[in-house]
Amino acid sequence: MSSAARVTLFEDIFEINALNPEGKKFERVNRLSAKGTTFDCDLLLDYNCQIYSLHEEEKMTLVLASTLNLDGSPDDHTSYNPAASFKNEPTLADNYEYVMHGRVFDVSYKKDGVVVIAISFGGLLCRLTGDQRHLSNILPDMRLFILIKKD
Amino acid sequence: MYSRVLNFARYRNFGSSEQVSRYNIEKLRDRVRNGPDTWPGANIVRITGENSFSKSLAFGDRELAAANLRVGDIVERHMEDGDIVLFNRQPSLHKLSIMSHQVKVLQWRTFRFNICVCAPYNADFDGDEMNMHLPQTEEARGEASMLMGVHHNLATPRNGEPLVACSQDFLSAAYLITQRDQFFDKGMFCTLCAYFGLADEQIDVPIPAIIKPVALWTGKQVFTAIVRPNRQCDQFVNFEMKERNYNSSKKMKHFCPNDGWVAFRNSELVSGNIAKKTIGDGSKTGLLYVLLRDCGPEEAARFMDRFSKLCSRYFGMHRGFSIGISDVSPSAKLKKMKHDILSTGYQKVSVAEQAIKQYDEGTLELRPGCDLLQSLEEVLNGILGKLRESAGQEAMKALPWANTPRIMAECGSKGSPLNISQMMACVGQQAVGGQRIQDGFVNRTLPHFAYHSLTAPAKGFVANSFFSGLTATEFMAGRPRRYGRENRRDGLHGSSSYEALEDLSLRYDNSVRNSENTVVQFTYGDDSLDPEKMENNDRPVQFDRLHLHITQTNPCPDESNLLEDELTDKVKRCLEEDRFQKLLPNGKSFLAEITSFFDDIAKKQTETIGTCDDAVHIEQRIWNSCRFTETQVNEFLRQSLTKYTKALVEPGEAVGATGAQSISEPGTQMTLKTFHFAGVSSMNVTLGVPRLKEIINGSKNISTPIITAKLVQDNNKVGARIVKAGIEKTTLGEISICIKEVYSSSDCYLSIQLDMKAIEQLRLNIDAVSVRRCILKGTRGQTRPAVLRGLLEKHVLVKKGSKSKLRVYVPTDKSDSPTYFTMQALKVALPGVIVQGISSVNRAVINEESKGGKPSYHLLVEGCGLAEVMGSPGVDGKFTTTNHIMEVEQTLGVEAARTSISSEISYIMTAYGIGIDSRHLMLLSDVMTFKGEVLGITRFGVAKMRESVLMLASFEKTTDHLFDAAVHGRADAINGVSECIIMGIPVPIGTGLFKLLKRATRPSEPDPVPSVVKRGLLLQ
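Computed from a predicted structure; not experimentally measured.

**Quick notes on the interface of chain B and chain A**
- Taken together, the contact between chain B and chain A spans 43 residues of the former and 52 residues of the latter.
- A combined buried area of about 4300 Å² lies between chain B and chain A, and 57% of that area is made up of carbon and sulfur atoms.
- At the junction of chain B with chain A, the criterion picks out 4 salt bridges.
- Its salt-bridge partner being Glu268 of chain B, residue Arg143 of chain A comes within 3.0 Å of it at the nearest N-O pair.
- Our count for the chain B to chain A interface comes out at 23 residue pairs in polar contact (both at pLDDT 80 or more).
- At the level of secondary structure, the elements contributing two or more residues to the side of chain B that touches chain A comprise strand E10 (210-212), strand E11 (217-218), helix H7 (219-227), strand E14 (268-271) and helix H21 (615-622) of chain B.
- Broken down by element, the residue count for the side of chain B that touches chain A peaks at 4 residues, all from H21 of chain B.

**A short note on the confidence of the model for chain A**
- Summary statistics for chain A give a mean pLDDT of 84 and a share of 93% for residues scoring 70 or more.
- Here residues 1-5 of chain A scores under 50 on pLDDT; set against residues more than four positions off or in separate chains, the count is 3 contacts.

**Considerations on the sheet that holds strand E20 (residues 512-513) of chain B**
All names here are of chain B.
- Pairing in this open sheet of 3 strands is antiparallel, and the strands run E19-E20-E21 from one edge to the other. One side of each edge strand has no neighbouring strand; the edge strands of this open sheet are strand E19 (505-506) and strand E21 (519-521).
- Alignment of E20 against E21, held across 2 bridges, turns out to be antiparallel. Within E21, the position partnered with Val512 by the bridge is Gln521.

**Overview of a negative patch on the surface**
Residue and element names in this part refer to chain B.
- A contiguous patch of negative charge, built from Glu564, Asp565, Glu566 and Asp569, is present on the exposed surface.
- When you line up the elements, Glu564 lands in helix H18 (residues 564-575).
- The partly exposed category is assigned to Glu564, whose relative accessible area is 34%.

**Digging into unusual backbone geometry**
- Cis geometry marks the peptide bond from Gln90 of chain B to Pro91 of chain B; its omega dihedral reads 0°.
- Relative to the elements of secondary structure, Pro91 of chain B occurs in the loop between strand E6 (84-88) and strand E7 (98-105).
- Omega for the peptide link from Lys212 of chain B to Pro213 of chain B comes to 5°, which places this bond in the cis form.
- With respect to the secondary-structure elements, Pro213 of chain B resides in the loop between E10 and E11.
- Phi angles above zero are rare outside glycine, and Glu57 of chain A is one such case at about 70°.
- Positive phi, normally seen in glycine, also occurs at Gln168 of chain B, with a value near 45°.

**Some thoughts on the domain arrangement of chain B**
- In terms of domains, chain B is made up of domain 1 (16-77), domain 2 (83-152), domain 3 (168-318), domain 4 (325-454), domain 5 (529-647) and domain 6 (730-836).
- For domain 1 of chain B and domain 6 of chain B, the distance between their C-alpha centres works out to 99 Å.

**Things to note about the sheet that holds strand E13 (residues 261-265) of chain B**
All names here are of chain B.
- A sheet is described by the order of its strands in space; here 3 strands give the open sequence E12-E13-E14, paired in antiparallel fashion. Taken across any chain shown, the strands that pair with only one partner, and hence form the sheet edges, are strand E12 (239-242) and E14. Recorded for the sheet is a direction-independent mean angle of 20° between the axes of neighbouring strands.
- Examined bridge by bridge, E13 and E14 share 3 bridges and lie antiparallel to one another. Residue Ala263 lies in a different strand from E14, and its bridge partner there is Ser271.

**Observations regarding the packing of helix H33 (residues 894-911) of chain B against helix H34 (residues 918-929) of chain B**
All names here are of chain B.
- Direction vectors running N to C along H33 and H34 enclose 140°, while the axes themselves pass 9 Å from each other. With respect to their mutual orientation, H33 and H34 come out oblique. When the axes of H33 and H34 are compared, the crossing they make is right-handed. Here Val894, Arg898, Ile901, Ser902, Ile905 and Ser906 of H33 come into contact with H34, specifically with Leu921, Met922, Leu924, Ser925, Asp926, Met928 and Thr929.
- Tallied by class, the residues present in the contact of H33 with H34 amount to 7 nonpolar, 4 polar and 2 charged.

About the criteria used
Residues numbered from 1 in each chain as written. Chains lettered and ligands numbered in written order. Predicted model: local features only at pLDDT ≥ 70, side-chain atom pairs only at ≥ 80, totals over all residues. Heavy atoms only, no water. Contact = heavy atoms within 4.5 Å. Buried area = accessible area lost by both parts, 1.4 Å probe. Salt bridge = Lys/Arg side-chain N within 4 Å of Asp/Glu carboxyl O. Polar contact = N/O pair within 3.5 Å; in protein donor to acceptor, adjacent residues only side chain to side chain. Helix = DSSP H or I, 4+ residues; strand = E, 2+ residues; numbered from the N terminus. pLDDT = per-residue confidence, 0-100. Pairing = 2+ DSSP bridges. Patch = residues over 30% accessible without salt bridge, like charges linked within 9 Å, V, L, I, M, F, W, Y side chains within 5 Å. Areas by Shrake-Rupley, 256 points an atom, 1.4 Å probe, with all protein chains shown as cover. Lys, Arg positive; Asp, Glu negative; His and termini not counted. Charge placed at Lys NZ, Arg CZ, Asp CG, Glu CD. Buried < 20%, exposed > 50% of the residue type's maximum accessible area, 1.4 Å probe, protein only. Domains from an automatic or database assignment. Axes fitted to C-alpha atoms, helices over the stretch in contact; angles between N-to-C directions. Parallel < 35°, antiparallel > 145°, perpendicular 65-115°, else oblique. Left-handed = near helix turned anticlockwise from the far one by under 90°. Nonpolar A, V, L, I, M, F, W, Y, C, P; charged D, E, K, R; others polar.

As structure tokens, then:
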């Protein structure tokens, strides 16, 4: 198993169906609903629309990773290290436009092998619904990064 | 936080005495040198030893006095930082009205404390005065800080809800900070973190939620940092709850579009905005409660402390939060909308006018159990009520997100959507006692209206908003204020129930006894649990939350899950262990709760796993819902047991006093006097303090007795009508077409013609024969008028071949009075003859309920006569109850009355939304019934419960009791609370319950030890 594969927990290209399906409630946050093109997963994701814009019918690559270190060494998920930003070492984030950090807070099982994974990025939520075979790398209560870039 | 009660700069005469020891001698020397005029100083030195004397420091050489200070001397010093004081605000309605604080002496002459502590004192800052007491002995200081300390009284003993909690501005700040779109850059985040601390603890900065394109932290991360500032905190909170703005129709839980589902994982706020339910008072699901229960009161206090610092600094320096007239000015669009609503409303009001017209013509359809006027009022109430509602909804919709009144209403800090809509749109219908404004002038509300006018404005409908301004007549349509007199009366009533309960305490054998050692309850509340420590529905442990907590704090990733049977077996084995078996018999329901919880988990496991056989997949599926490893089960059971054991009441606890306070303290909240009974608009019941008083006094006559009767066939409306007709009192006058005088040459008689059509319609079982019987025999339990008693068999005859005609001849034989007069008297008496039904019943109403989609009927009977109603054909006597306690006692016995007392009080409390633990009610009903009959808590009832003369004299009619006692030479054992206070002795309750008992000279044969040491008799 290559190091990149261990780092990446899930990767897919999503097509955005709708922005704010329940109506826009927050000024600076949009909720997008998207469909995965390869694994057919449903995605619901909150993102800061003030600093990053996405539109309906756009395609984006979404990666869930357990660390940003390219060599795959595990990240310290508990505290902020301001020195890291000055080191200029290449990280996984360099290839992406929008990166968030958070934790999985709920994994629940729907019928027929479908699991629902809920992740919170400091209150910005993400819900990934899909077949368990593709999502089994994502462990309950783990901390992870989400990385997005537009295609 | 609340350790900072503040006090005036120097206060010469307010201090406490401190004994000199080698630890404080230098400090006290300083005090002595300062003398009485410099703070911190001392007033008096008491030299102990051979030639002890007191020396005032106002005069003489203080340096010398300081130098001569020896260990063992006593210095009367000024109050200083860290002293324990008692703080009190009148009215002292419950035990939380007096609590102990730690002093921090500051400048100026006002008391200051954290506003979170305002709620238990019911204090505000509009000129309130409070009292402070400084305990003088170490014992008093110790007891005050342990038992009365604010930390130990964060929750109300009424039901365990937190009472010391965030309010007002704190809620607004929490709500704003935890909005989903609140982002802070590094500088701002660190500033906020610095705000909530005192720089005495480390704060770990978490990884920002958004790393790229710029590092941004969310408001929820700030909140997380407040709950758990650094990694060294080993107390975690885990819970999920619905916040006020949760959209329950969507059922999206964490993904609620309003962000209303609050979830904490290991002290990390994962989703949801924080508002009143999470950190406000009166919520048992929220963060404060979980902190209080799982992490201890200190942690909850620290949280409030941090948050109050953050709140004032955030609002003061960064955000600002104000409200002005512009915030409630309706926009042009809204004005038009309101106009539209009101004009369609006026069409609706014309619907109302139509209803009024129908009423005038008498064609209005009657509502069940109402007369024409009541029906009209109900129709109008509905229409006019909706008008304001729809105008208000439009107003709320039009408000932008940042509107401050809207924010306040949403997070629960102040105001409600109703207030906002009244300011912006329409004040709406004014109601007094559930009805439109009553006439204050002759036949009209105000002299501006026509006589008997029933139109909307004439009956108090206010179309203007507070913004647009009220017209003169609208302004007058107000509701009466609640007067201070009523408050005082309620307080008096509270004190009377307190008198009867004050001396009850839990003894070491777990029984509740009064000061005369009479057993009131063998086990307090049937399970010896403290109402203050109940988590959920009067039960000690909330298992779902505990489960979440265990799975988060002990993830045990290396252990394997216990499958269905293994799990239930394991739990069964554990529950058979001694530590659990010891809880029996009181803990039986607790053990059953544990078993049923694990049964549910096992069932859930089977469902979730299904046919899956991949171990990794199984783990992922069940991890967050029903995974239980060996360690987790052990930990779960251990923590449940700890919670249960902690929740047991301690011996000595004054359960009676807390119970009485819990029942009487909410009295001030019960304002509206009458309510509709079970949704039946025509049936009003007395509620609130008057009703509470009826129950507690054990009144023989209550103002609204209502019997709720279950029917044998509860799905049949026609059947219900028949039963109703059999119960409801029907008089002869109501079912006769005419009662006419007939004079002929031979004789004269009264001819009665029954209205057979009406009888048929009302489903009555009456014909001429039964009427004849009723005239002759009357109904049981009712005294018949003298004229009717004079009637004999031969005088009342049924017309042959007719079922509807009767003749009543005038008895002439014995009577002295002229026949004509007798006849007139008969004519007056006959319409009142009860031909069917129960005489004590005024009215019965069929009430329709939907039970599982199908209509179900039961009867509400206004009046007394429980036995008769139970015995009526068609009524299911086993499920028939009344709200009349004394009647329950007479009909069903004292045990039923006991149950009835607590269920009736509980009914009142739920009507006002006041939560009260059932154990308090049980205790009250036991006190009222433990003598074998229902004794009201009045001076007569209390006299039967207790023998102490002093106690009775202190209650009511002081001199009468004292004279009486003197004449009969009665003795008083001085055991109760009142007596001890009068005599100035410590009360044998709580910490005064146990005494140091020393074995006397004869060790072989110890005297039986009374649980309370007897003292000398008063009038020996």
